[in-house]
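Each chain, letter by letter, is given below.
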Amino acid sequence: MIQEIIAIGLLIIAVFFLYKKFFGKKKPKNNCGNDCGCN
């Protein structure tokens with residue numbers, strides 16, 4: 001029972017990080033705005 005809860009928790013955390021990595025804020029590689037610090 002405890003192992004199932006831990007496994008589900010880790011799965012939720014992994015899905016969250018993957019979602020944030022691929023669908024989070026996309027940083028433009030070129031021609032970024034004024035506040036990106038690339039100037």
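A few points on the structure. As a convention, each chain's residues are numbered from 1 in the sequence order in which they are written. With pLDDT at 70 or above as the cut-off, local features in this predicted model cover only qualifying residues; side-chain atom pairs require 80 or more to be listed or tallied, and sums for whole chains, interfaces and linings still use all residues. As a rule here, side-chain values cover all heavy atoms of the structure and leave hydrogens and water aside.

What about the packing of aromatic side chains?
Put simply, two rings from Phe, Tyr or Trp (the six-membered ring, in Trp's case) pair if the centres are within 6.5 Å, and we call them stacked under 30 degrees between planes, edge-to-face over 60, tilted for the rest. Evaluation of the coordinates by the stated rule reveals 2 aromatic pairs. Measuring from ring centre to ring centre gives 5.8 Å for phenylalanine 16 and phenylalanine 17, while their planes differ by 65°; the resulting arrangement is edge-to-face. You can call phenylalanine 17 exposed: its relative accessible area is 55%. Summarising the aromatic geometry, the rings of tyrosine 19 and phenylalanine 23 are spaced 5.6 Å apart at their centres and angled 35° between planes, so their arrangement reads as tilted. In this pair, tyrosine 19 and phenylalanine 23 both sit in helix H1 (residues 2-23), 4 residues apart, roughly one turn of the helix. For tyrosine 19, a relative accessible area of 52% corresponds to the exposed category. Note on exposure labels: buried denotes an accessible area under 20% of the residue type's maximum, exposed denotes more than 50%, and partly exposed covers the range between, all computed with a 1.4 Å probe on protein chains only. Runs of E in the DSSP output that reach at least two residues are strands. Runs of H or I that reach at least four are helices, and both are numbered from the N terminus.

Topic: a nonpolar patch on the surface
Patch membership requires more than 30% relative accessible area and the absence of a salt bridge. Residues of like charge join within 9 Å; the nonpolar side chains Val, Leu, Ile, Met, Phe, Trp and Tyr join within 5 Å. Accessible surface is estimated by sampling points in the Shrake-Rupley manner with a 1.4 Å probe; for residues, cover comes only from the protein chains shown. By definition, a salt bridge exists where a carboxyl oxygen of Asp or Glu is found within 4 Å of a side-chain nitrogen of Lys or Arg. Together, Met1, Ile2, Ile5, Ile6, Leu10, Ile13, Phe16 and Phe17 make up a nonpolar patch on the protein surface, roughly 930 Å² of accessible area in all. Mapped onto the elements of the fold, isoleucine 5 is located in helix H1.

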